[in-house]
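Descriptive structure summary
Now for the letters of each chain:
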Amino acid sequence: TTSFGIEEALEQLGIKDVNQGTSTGNEWFSNGEEISSFSPVDGQLIAKVSTTSKEDYEKVMQSATSAFKDWRLKPAPQRGEIVRQFGEELRRLKEPLGKLVSYEMGKSYQEGLGEVQEMIDICDFAVGLSRQLHGLTMHSERPGHRMYEQYHPLGVVGIISAFNFPVAVWAWNTALAWICGDVCVWKPSEKTPLCGIACQKIAAKVFADNNLPEGISCLINGDYKVGEMMTNDKRVPLVSATGSIRMGKIVAQAVAARLGKSLLELGGNNAIIVTPDADIKMTVIGAVFGAVGTAGQRCTSTRRLIIHESIYDKVKDAVVDAYKQLRIGNPLDEKNHVGPLIDKDAVRMYNQALEKVVAEGGNIIVEGGVLEGEGYESGCYVKPAIAEAKNSFEIVQHETFAPVLYLMKYSGDVENAIELQNGVVQGLSSAIMTNNLREAERFLSHAGSDCGIANVNIGTSGAEIGGAFGGEKETGGGRESGSDAWKIYMRRQTNTINYTTELPLAQGIKFDL
Ligand code: NAD
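For the structure given in this document, a descriptive report is provided here.

Cut-offs used in this document
- Note on numbering: residues in each chain are counted from 1, in written sequence order.
- In keeping with the model being predicted, local features are shown solely for residues with a pLDDT of at least 70 and side-chain atom pairs are shown and tallied solely at 80 or more, while totals for entire chains, interfaces and linings include all residues.
- Water and hydrogen atoms were dropped before computing side-chain values, which therefore reflect all heavy atoms in the structure.
- Patches were defined on residues exceeding 30% relative accessible area and lacking a salt bridge, with like-charge contacts within 9 Å and nonpolar side-chain contacts (Val, Leu, Ile, Met, Phe, Trp, Tyr) within 5 Å.
- Where accessible areas are quoted, they stem from the Shrake-Rupley method and a 1.4 Å probe; at the residue level, only the protein chains shown are allowed to cover.
- Only one rule defines a salt bridge in this text: a Lys or Arg side-chain nitrogen within 4 Å of an Asp or Glu carboxyl oxygen.
- Put simply, DSSP H or I for four residues or longer makes a helix, DSSP E for two residues or longer makes a strand, and each gets a number counted from the N terminus.
- When a residue's accessible area, from a 1.4 Å probe over protein chains only, is under 20% of the maximum for its type it is buried; when over 50% it is exposed; and in between it is partly exposed.
- At least two DSSP bridges between two strands are required for those strands to pair.
- Fitted lines through C-alpha atoms serve as axes, helices being fitted only where they are in contact, and the angles separating the N-to-C directions of these axes extend from 0 to 180 degrees.
- Multiplying 1.5 Å by the helix residue count minus one yields the expected span of that helix.
- Note on definitions. A residue lies near a molecule or strand when any single heavy atom of the residue is within 4 Å of it.
- Residues adjacent in sequence count toward polar contacts only when both atoms are side-chain atoms; beyond that, a polar contact is any pair of N or O atoms within 3.5 Å, and within protein one must be able to donate a hydrogen and the other to accept it.
- Aromatic rings from Phe, Tyr and Trp, taking only the six-membered ring of Trp, are treated as a pair when their centres fall within 6.5 Å; an angle between ring planes under 30 degrees marks them as stacked, one over 60 as edge-to-face, and anything in between as tilted.
- Comment: the charge-over-ring label is applied if NZ (Lys) or CZ (Arg) is within 6 Å of the ring centre and within 35 degrees of the ring normal.
- Should any heavy atoms of two residues lie within 4.5 Å, those residues are counted as being in contact.

**Overview of a nonpolar patch on the surface**
On the surface, Leu505, Ile509, Phe511 and Leu513 cluster together into a nonpolar patch covering about 510 Å² of accessible area. Within the fold, Phe511 resides in the segment after β24 (490-498).

Have a look at this one:
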């Protein structure tokens, strides 16, 4: 793999053979057990990381709570200037960081670069936003009174992220949290700790160059036990957690038990509805990229195609044909479409899903399987598979984080397709392929898709940072990134000011002394 420039990338990013996994900025320490990061690309050990002990965590929290007292006093546009510089550093290091994402996580190099581009985009967005943290002004019911609201910084924001977007999710949170005046403590996935270390180094340099204190950007590493230190910690008013529904239910309860706030970005079970008026060519591109991109390991991956019976065979044949052209292999090699799954556990889940769909009466129309031999030594490369299935199958109701696509038929009206699309517990992304205005508008209406994201004539996967990102139902209800998602990183205060010499009470209440 050295031929793809990985060694140089690691060097540029400051990744060593053994790394400390806890940091408050330029200070690095770590006394927890060591974890190893293996690449799913070639099965090689990339480097080791020592995790965060309870004592290390205490040190981090002391640094973060103390930094918050300084950082919140800096005017928001000046905080924006720091985020601007951070975006510049990301531009400078886009290639090595994109390469590390690809090598440690297994997505294609193009998608690795795309992830870093998302980080850059959210920085740009945050810079502008740093001058627009607006509240409203209201008219008081009392004479000589003025009322308005302000947004103030919240404190320490805890970020728990998943392996599949090992760098972008952190930036979506930090870029906004920082301009809002918060400080951040990040626990990346234990499957992608090196991406975390690389990002922390990039941020730390910017804070140090500007003579800012340690603690504004902090990193902790380890598995769920390290995550739990934050979810149970009253000093962390907001926990932003991205990952599985199983994790979200545990995290939400822990944070709620201390009446903290949580922002949850959990699993999806995304469908594309294909109506009789769909453009078949666009449908195939959208569906295939959605199903096999990132080897089906996106929260917005297309899992279900709900196709009208009148065009079912046509769409099915076109999609099956497209699958024949897929090249599976090293994601750093740009001629491949599909890279590896993250690890052998994921391969096991993929195999189980294919067994289950057959056991429940499904019909496999594109065979799956684990690839072996030269180039596939990591044991993590699988063939994207397609099965005809029913929405009611248990396995179809469940998000399998792998390239398994389920096809199902609907008949009659688009309402029937919408009912199937909504008939799962998750509510992240959805799409309709149609040139029929009535169908499109019904899909987007109050009685349409129940997802946080609903698209017309594009697939389910791939979102721009300008919109609020997140989903309903068991996807967790959180919103990140664009629109007014910033508000969750701040606390709102309502102010009433009396500029008279009287003290009238609200609602006209009389209280004479
Ligand atoms: P995961 O749930 O296994 O792990 C996610 C993170 O949560 C990791 O950092 C993990 O250490 C931590 N964690 C797990 N249990 C915890 C606990 N009890 N307390 C505190 N932290 C805990 O998920 P994964 O396999 O890394 O990622 C895949 C999942 O993430 C999929 O379900 C995918 O849909 C979802 N995802 C959602 C979004 C979104 O924006 N909605 C984005 C990316 C991924």
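**Quick notes on the pattern of salt bridges**
Counting across every chain of the model gives 22 salt bridges. Note that Glu111 and Arg298 form a salt bridge whose closest N and O atoms lie 3.0 Å from each other. Residue Glu111 is located in helix α5 (residues 109-129), and its partner Arg298 is located in the loop between α10 (280-292) and β14 (302-308); the two are separated by 187 residues in the primary sequence. Both residues of the pair, Glu111 and Arg298, count as buried. A salt bridge links Asp345 to Arg348, with the shortest nitrogen-to-oxygen separation between them at 2.9 Å. Taken together, the positions of Asp345 and Arg348, both in helix α12 (residues 344-359) and three residues apart, correspond to about one turn of that helix.

**As for the sheet that holds strand β15 (residues 363-366)**
Reading across from one edge, β15-β16-β17-β14-β13-β19-β20 is the order of the seven strands in this open sheet, with mixed pairing throughout. The open sheet has two edge strands, β15 and β20 (453-456), and neither has a second partner. Each strand axis lies, on average, 25 degrees off the axis of its neighbour in the sheet, ignoring direction. As paired elements, β15 and strand β16 (residues 385-388) share three bridges and run antiparallel to each other. Pairing of Ile364 across the sheet is with Ala387, part of β16.

**A look at helix α7 (residues 193-209)**
With 17 residues, α7 ought to run about 24 Å at 1.5 Å a step, and its terminal C-alpha atoms sit 25 Å apart, in line with that. Phi for Asn211, located one or two positions after α7, is positive at around 55 degrees.

**Looking at the site of the ligand**
Around the ligand, a shell composed of 28 residues is seen, among which Ser161, Glu190, Ser244, Leu266 and Glu399 lie nearest. Phe163 is positioned with one of its backbone polar atoms (N or O) 3.1 Å from an oxygen atom of the ligand. With respect to the ligand, the side chain of Glu265 contributes an N or O atom lying 3.2 Å from an oxygen atom. For the ligand, whose accessible area on its own is 850 Å², the fraction buried by protein is 91%. Looking at the shell around the ligand, the elements that each hand over two or more residues are α8 (224-231) and α9 (245-257).

**Describing the packing of aromatic side chains**
Applying the stated criterion across every chain yields a total of ten aromatic pairs. When the centroid spacing of 5.6 Å and the interplanar angle of 80 degrees are considered together, the rings of Phe86 and Trp178 count as edge-to-face. With Phe86 in helix α3 (residues 76-92) and Trp178 in helix α6 (residues 168-179), the pair connects residues that are 92 residues apart, well separated along the chain. Look at Phe86 and you get buried, because its relative accessible area is 2%. Ring geometry for Trp170 and Trp186: centres 4.8 Å apart, planes at 15 degrees, overall stacked. Of this pair, Trp170 sits in helix α6 while Trp186 sits in strand β9 (residues 183-187), placing them 16 residues apart in sequence. The residues Trp170 and Trp186 share a single accessibility class, namely buried. The lysine or arginine in question, Lys59, covers the ring of Phe29, its NZ or CZ lying 4.0 Å from the ring centre. The ring of Phe165 carries the charged tip of Lys107 above its face, separated from the ring centre by 3.7 Å.

**Observations concerning the environment of Ala468**
The residue Ala468 is located in strand β21 (residues 468-469) in this model. A relative accessible area of 30% places Ala468 in the partly exposed class. Considering only alpha carbons, one finds Ala468 and Ser66, 402 residues apart in sequence, at a separation of 31 Å. Other than its neighbours up to four places away in sequence, Ala468 contacts Arg479, Glu480, Gly482 and Ser483.

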